[in-house]
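Chain residues, written in single-letter form:
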Amino acid sequence: MRNLKLLRTLEFRDIQAPGKPQCFSLRTEQGTVLIGSEHGLIEVDPVTREVKNEIPLVTEGFLPEDGSGCIVGVQDLLDHESVCVATASGDVILCNLCTHQLECVGSVASGISVMSWSPDQELVLLATGQQTLIMMTKDFEPIMEQQIHQDDFGESKFVTVGWGRKETQFHGSEGRQSAFQMQMHESALPWDDHRPQVTWRGDGQFFAVSVVCPETGSLIASTQDKPNQQDVVFFEKNGLLHGQFTLPFLKDEVKVNGLLWNADSTVLAVWLEDLQREENSTLKTYVQLWTVGNYHWYLKQSLPFSLCGKSKIVSLMWDPVTPYRLHVVCQGWHYLCYDWHWTTDRSSGDNASDMANVAVVDGNRVLVTVFRQSVVPPPMCIYRLLLPHPVTQIMFCAHPKKSNDLAVLDASNQISVYKCGDSPSVDPTVKLGAVGGNGFKISLTTPHLEKRYKIQFENSEDEEVNPLKLHHLTWVQEDVFLAVSHSQCSPQSVIHHLTAAPSETDSEQGQLSISSSVTVDGIIISLCCGSETKSVALQVAGGQILKYLWESPSLAVEPWKNPSGVPVQFPYPCTQTELAMIGGEEKKGSDQDVMAENSEECILGLTDRCRFFINDTEVASNITSFAVYNEFLLLTTHSHTCHCFCLRDASFKSKFSSLYHNEDMLGPWSLVFCEMTFLSILSLHRLMFKEAFECMRKLRINLNLIHDHNPKVFLENVETFIRQIDSVNHINLFFTELKEEDVTKTMYPPPATSTVQLSSDPEKKKVDLICDTMRAAMENINPHRYCLSILTSHVKKTTPELEIVLQKVHELQDVNELYDHSLGTYDFDLVLMVAEKSQKDPKEYLPFLNTLKKMETNYQRFTIDKYLKRYEKAIGHLSKCGPEYFPECLNLIKDKNLYNEALKLYPPDSQQYKDISIAYGEHLLQEHLQEPAGLVFARCGAHEKALGAFLACGSWQQALCVAAQLHLTKDQLAGLGRTLAGKLAEQRKHSDAATVLEQYAQDYEEAILLLLEGAAWEEALRLVHKYNRPDIIETNVKPSILEAQKNYMAFLDSQTATFSRHKKRLLVVRELKEQAQQVNLDDEAPHGQESDLFSETSSIMSGSDMSGKYSHSNSRISAYVSCFFGPLTMPWVYGESTSKRSSKNRRKAERKKHSLKEGSPLEDLALLEALSEVIQSTEKLKDEIHHILKMLFLFEFDEQGRELQKAFEDTLQLMERSLPEIWTLSPQQSSAIPVLGPNSTANSIMASYQQQKTSVPVPG
């Protein structure tokens, strides 16, 4: 979760040299830059800003005088004490910078496009104009020459052997060589310059052409043009894809000029250039810095340069020694050097209102994680801020009470200010990340965009030439920012005050202007602000520390001095600095806040080599990071530990000296204890025991600290502690963690000499003193409620007071139960102690206990568990006694039905497991659970018993599987099949019976007859034609179909008559009910049995609702019938029934309750049930009628088919017309219908459902 922050910029403008720069190289030891042009070579010193050497190549004839020459490569050679220069015309020249002597060491006739030296300068690679590679030693002796474009087979080359490839096909008269004809290599993109790019791996073992090797690692970077985007892709050495990221530009908007890994391969620089898309459009070139974390690529910096004029980039490269230093040379002889460093942008508030925000830059997004509320792994975040341009720097407000506000500087030099608080509307630039979602209420307070400020430069050219003109921005006040820039012509820096210009309109866009500036000698590389003293500490490149009081009218800059008056200077440049108040005496103000007097404001610094300084004193050399929080200093070390120091501690510096010599002497002060210091200790000071207890539980801090922090205060306020905790479990937890040691001396040594007073009774042990004091307090408050805690206080003492505990338990519990519980612990000493405290006669229990003591341990515990009726544990102990005790164990298993528990005690391949399984199966057979019994028998290998069980339940598949394992003869298998078929036919499973007869009894004729009996017409026809028996169609199939048609006709006639009769009677009964109701209109409500009738009939659904419900399933039945005998005039049929009952007994009880006898009180309900049954039985015919209609159509029984269809249609029409008359819904009855929806509750839905259950079911 780090960002790349600019440390400093080195700039050398308007270098006095002829021509235009073409390429450059570095002389790292001298700190100079070699730049080649069409006239020669110059050496410049960017620090002193002077030209040190100038070597013309035109006069020697290596470059033409007309300015058309080109230098394609420059390399400083340490061994040769000279510089190697390669020209486009093909010359390789050695230049001695001391003597200005030139030597041409070789020439390539076709010209040179690239010269690249290996990192150790042992090899040099030349790319020629004929697209070949020439490798030579450092003495320019050729090693190899190879074509860049490979078009032949060879060692370690992939060969495609598929028939679809040209090289493996037959080519006829053309010959096989036609597959390998030379092809012209055309550029993939129109803007391709055809120049190869060569990079080396850091160890010099590999090089790559037109892709980028990292300095370390094995991934190779390249670009890939896709239909809608352009990606940077990464490959392994074997060519497999290994990650990618998409460039934040539209398709064909930019081109990639180069990819460059830095020295440690942690940052990838992507050099891009705008393509001309519109006339008169402003074109730019970009340098983007990408890093990876958790397999996600972050865009950390984006530097826009102009593509026209002097600021156009000519070349750029990473420093080979300093990993995060980037060198850039622009067309107008303008040299830039950027030094970056890693930083963590976080809010730095010193109170609970600070949300511990951490912001991460990712292109034009800022990913913010609020660690006080949630911890999510990157690249996820709590919320993200969307900016119009890539982000350059993030700064949180330095004011301690506004630390959650942040400002973002983007690549367009625009500052966006986000503030926390209520926003009048939803901010579209703030999007939630890993929290929230549809239907969730977000408790997180997100910031909103307050305003965007455009920085106004005095000279617009500065912004174009150096996009990072301003850096080290610091938000010091509401509308005041501090920024640093470097002088162009001298080693000086300028501190700018950026203030918001007054605006007449309340718009989101504002202006930041430079109100004042202060010049400082030296290059400022860091800036930190003290929130309390309003002072700013500046670190210059030489290590000097300067103090700048930005609120002072004089705006003076003076050296930072230590208490002795000596100016402070860091021995080494520090990449991270902070101000902190160290030392002083603590004093409590009226608001109970801790303040310090006589403290010293010091500057803390950390170098990139892990050296930690306080002022100019190095106090540690193994620190990886640090942070100042209020009066505490947090440090992380190389050993992956976090330590905390109190800055107000008088022994603070002495502890650091021990850290410098031996890290183990530091003590276990951790980040967790720091948080505990603020919350727990402060709460204990204020006697807020509950808050301190909860904080310690959350942070897993030893609860002994509640007492050890100040024993005297705790013991004097024990009752307050108990009342605040107010939980027996929490009090018991406190007791269980008590121990004799003082945790303030062992686990949590205090940051300063403790002034708290010890207990008033130092001779008494700590644990005993706490237990006695708390027990007395609990007995005084409520002995019944704190009974368990009182018992725990007795047991927790150094010498447990078990007799007192038993006496108290005896008062609360029956002695016999207590005796049994103690016996269940198998501890005879405890049993004797309980028995002695009881009224039991020793003659009763001593013989029993003596007998138990003589038994073997497992059998002893078995006897005890059996005595206590803990049979599951008893068989567990008995199973460990040996095989001779197994019969006794099996008898107990059978007697108590412990089969499932017993099977877990023995391995599946043991004889005991099989015996228990057989007994279990026989038990299941007695319970008439034949199929589970068969499975148990089959699992243990008792196949004969399994076959009998499966035969009894009709599980024919399992029976035949077991029969195969018994290796039955053919006749036996056939007899078994006939037996199974008979049982299946009795169960009306005709299809299964037919399958068994055909496949196992080889009796297909009987199988066909069973299928016809079960109306499985299509399957019967399949067997008829399979065995070529068309005679059966005439003798059996057709007669069966016609017989079935007659049965359906008779059934439909019967259903129609029954339906009409019940309907007619229902109308009569309802009319009688209405007449009786009219007589009793004066009554407030019906009483007695009639009220039940009215309430139950009130929940019947209306016919219109029913017709809508069942209209969906009509289309399928209509299609089934109309495809044979024409469309139905009433395309309607009932859907699936939704009326369900839990058991047969329940249905019988309902039928007895509702009698169809004329004149019975609930006759109308019985009629409704009868009508519902008629409709349901008719609905079940749909599939059967569908199948028989197909058969009637197939065998040309058209008249019978139309007759059946007409009868079915008439029945359906009758039922549909009758629905509104049968099921009606009055207005006051609508409450019976379940109400669902977003406003419903569980109680309202259940109440509606229960009311509906009392109503008469409707057909569904």
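For clarity, every value in this text was computed on a predicted model and none was experimentally measured.

Peer 1: Any chance you could explain the overall build of the protein chain here in plain terms?
Peer 2: In terms of helices and strands, the protein chain carries 35 helices and 51 strands. When each of the 1260 residues of the protein chain is scored for burial, the buried share is 46%. Taking contacts inside the protein chain between residues at least 6 apart in sequence as the whole, the part at least 24 apart equals 52%. Accessible surface computed for the protein chain: about 64500 Å², of which carbon and sulfur atoms make up 50%.

Peer 1: What exactly am I supposed to notice about the confidence of the model for the protein chain here?
Peer 2: Summary statistics for the protein chain give a mean pLDDT of 80 and a share of 80% for residues scoring 70 or more. The least confident element of the protein chain is helix H29 (residues 1103–1110), whose mean pLDDT is 36; the most confident is strand E24 (residues 325–330), at 95. Note on residues 752–760: pLDDT is under 50 here. Beyond four places in sequence and across chains, it has 11 contacts. Taken as a whole, residues 1227–1235 scores under 50 in pLDDT and shows 17 contacts with residues more than four places along the chain or in a different chain.

Peer 1: Explain the nonpolar core to me, please; I cannot follow it from the model alone.
Peer 2: In a soluble, globular protein the nonpolar side chains are often hidden away together inside. Counting residues in hydrophobic clusters, the biggest one holds 77 residues, and the most contacted among them are Ile916 and Leu1204. Sorting elements by how many residues they give to this core places helix H27 (residues 1031–1079) first, with 8 residues. When neighbours within four sequence positions are excluded, Leu1204 is seen to be in contact with Gln1045, Tyr1048, Met1049, Leu1052, Ile1185, Ile1188, Leu1189 and Leu1192. Formed by 31 residues, the second largest nonpolar core is a distinct cluster that contains Leu705, Ile706, Ile725 and Ile731.

Peer 1: Even after reading the chapter, I still don't get unusual backbone geometry, so can you show me in this structure?
Peer 2: With glycine set apart, most residues show a phi of negative sign, and most peptide bonds adopt trans. At the junction of Pro378 and Pro379, the peptide bond is cis and its omega measures out at 10° in the coordinates. Counting through the fold element by element, Pro379 comes out in the loop between strand E28 (365–370) and strand E29 (383–386). Look at His967: it is not a glycine, yet its phi comes out positive at around 55°. Mapped onto the secondary structure, His967 falls in the loop between helix H22 (956–965) and helix H23 (970–986).

Peer 1: How do you make sense of the state of the cysteines when you look at a structure like this?
Peer 2: Among covalent bonds in proteins, the disulfide is the one between the sulfur atoms of two cysteines. Per the stated rule, a full pass over the model turns up 0 disulfides. Of all cysteine sulfurs in the structure, the one in Cys23 sits closest to Cys70, which takes part in no disulfide; the separation is 7.0 Å. Exposure remark for Cys70: the relative accessible area of 28% places this residue in the partly exposed category.

Peer 1: Can you help me understand the sheet that holds E28 in this one?
Peer 2: As a general point, the strands of a sheet are linked pairwise by backbone hydrogen bonds and lie either parallel or antiparallel. Strand order in the open sheet formed by 5 strands is E26-E27-E28-E29-E33, and the pairing between neighbours is antiparallel. Single-partner strands in this sheet number two, and they are strand E26 (345–346) and strand E33 (430–432).

Peer 1: I keep staring at the side chain of Glu11 and nothing clicks. Help me out?
Peer 2: Along the polypeptide, Glu11 turns up in strand E1 (residues 3–12). A residue is classified by how much of its surface remains accessible, and Glu11, at 4% relative accessible area, is buried. Within the structure, the side chain of Glu11 is placed 2.6 Å from the side chain of Arg13, a separation counted as a polar contact. When neighbours within four sequence positions are excluded, Glu11 is seen to be in contact with Arg49, His334, Tyr335, Leu336, Val465, Asn466 and Gln488.

Peer 1: Which parts of the structure should I look at to understand the sheet that holds strand E2 (residues 21–27)?
Peer 2: The strand order across the open sheet built from 4 strands is E2-E3-E4-E5, with neighbouring strands paired in antiparallel fashion. Either end of the sheet is taken by a strand with one partner, and the two such strands are E2 and strand E5 (50–56). The sheet shows a mean angle of 20° between the axes of neighbouring strands, taken without regard to direction. Sheet topology places strand E3 (residues 32–37) next to strand E4 (residues 40–45); 4 bridges connect them, and they run antiparallel. Within E4, the position partnered with Gly36 by the bridge is Leu41.

Peer 1: Teacher, can you tell me more about the pairing of strand E6 (residues 71–77) here?
Peer 2: Look at any regular strand and the pattern is simple: side chains alternate between the two faces of the sheet. Of all 7 residues that make up E6, 6 are buried, and the element is covered over most of its length. Sheet analysis places E6 next to strand E7 (residues 82–87), joined by 6 bridges and oriented antiparallel. Bridging from a neighbouring strand, Gly73 pairs with Ala86 of E7. Connecting the antiparallel pair E6 and E7 is a turn made up of 4 residues, with Glu81 showing a positive phi of about 55°.

Peer 1: Is there a simple way to explain the packing of aromatic side chains in this structure?
Peer 2: Overall, the coordinates contain 26 aromatic pairs when judged by the stated rule. Ring geometry for Phe234 against Trp261: centres 6.0 Å apart, planes inclined by 50°, an arrangement best described as tilted. Of this pair, Phe234 sits in strand E17 (residues 230–235) while Trp261 is found in strand E19 (residues 254–261), placing the two residues 27 residues apart along the sequence. Ring geometry for Phe234 versus Trp297: centroids 4.7 Å apart, planes at 5°, classification stacked. Of this pair, Phe234 sits in strand E17 while Trp297 sits in strand E22 (residues 296–306); the two residues are 63 residues apart in sequence, bridging distant segments of the chain. For the pair Phe234 and Trp297, a shared accessibility class is recorded, and that class is buried. One aromatic cluster is present, built from ring pairs that chain together Phe234, Phe245, Trp261, Trp290 and Trp297. Sitting over the ring of Trp342, Arg2 keeps its end group 4.4 Å from the ring centre. Here Lys547 stacks its cationic end above the ring of Trp560, 4.5 Å away from the centre of that ring.

Peer 1: Looking at this model, I keep getting lost on the packing of helix H21 (residues 943–953) against H22. Mind explaining?
Peer 2: At a minimum axis separation of 9 Å, H21 and H22 run at an interaxial angle of 155°. Judged by the angle between their axes, H21 and H22 are roughly antiparallel. As for the relative orientation of H21 and H22, their crossing is left-handed in sense. When H21 is examined against H22, the residues His943, Ala946, Leu947 and Phe950 are found in contact with a partner set consisting of Gln958, Ala959, Val962 and Gln965. The residue inventory of the contact of H21 with H22, partitioned by class, reads 5 nonpolar, 3 polar and no charged.

Rules of the game
- Residues numbered from 1 in each chain as written.
- Predicted model: local features only at pLDDT ≥ 70, side-chain atom pairs only at ≥ 80, totals over all residues.
- Heavy atoms only, no water.
- Helix = DSSP H or I, 4+ residues; strand = E, 2+ residues; numbered from the N terminus.
- Buried < 20%, exposed > 50% of the residue type's maximum accessible area, 1.4 Å probe, protein only.
- Contact = heavy atoms within 4.5 Å.
- Areas by Shrake-Rupley, 256 points an atom, 1.4 Å probe, with all protein chains shown as cover.
- pLDDT = per-residue confidence, 0-100.
- Core = buried A, V, L, I, M, F, W, Y, C linked by side-chain atoms within 4.5 Å.
- Disulfide = S-S within 2.5 Å.
- Pairing = 2+ DSSP bridges.
- Polar contact = N/O pair within 3.5 Å; in protein donor to acceptor, adjacent residues only side chain to side chain.
- Axes fitted to C-alpha atoms, helices over the stretch in contact; angles between N-to-C directions.
- Phe/Tyr/Trp six-rings, centres within 6.5 Å; stacked < 30°, edge-to-face > 60°.
- Lys NZ or Arg CZ within 6 Å of the ring centre and 35° of its normal.
- Parallel < 35°, antiparallel > 145°, perpendicular 65-115°, else oblique.
- Left-handed = near helix turned anticlockwise from the far one by under 90°.
- Nonpolar A, V, L, I, M, F, W, Y, C, P; charged D, E, K, R; others polar.

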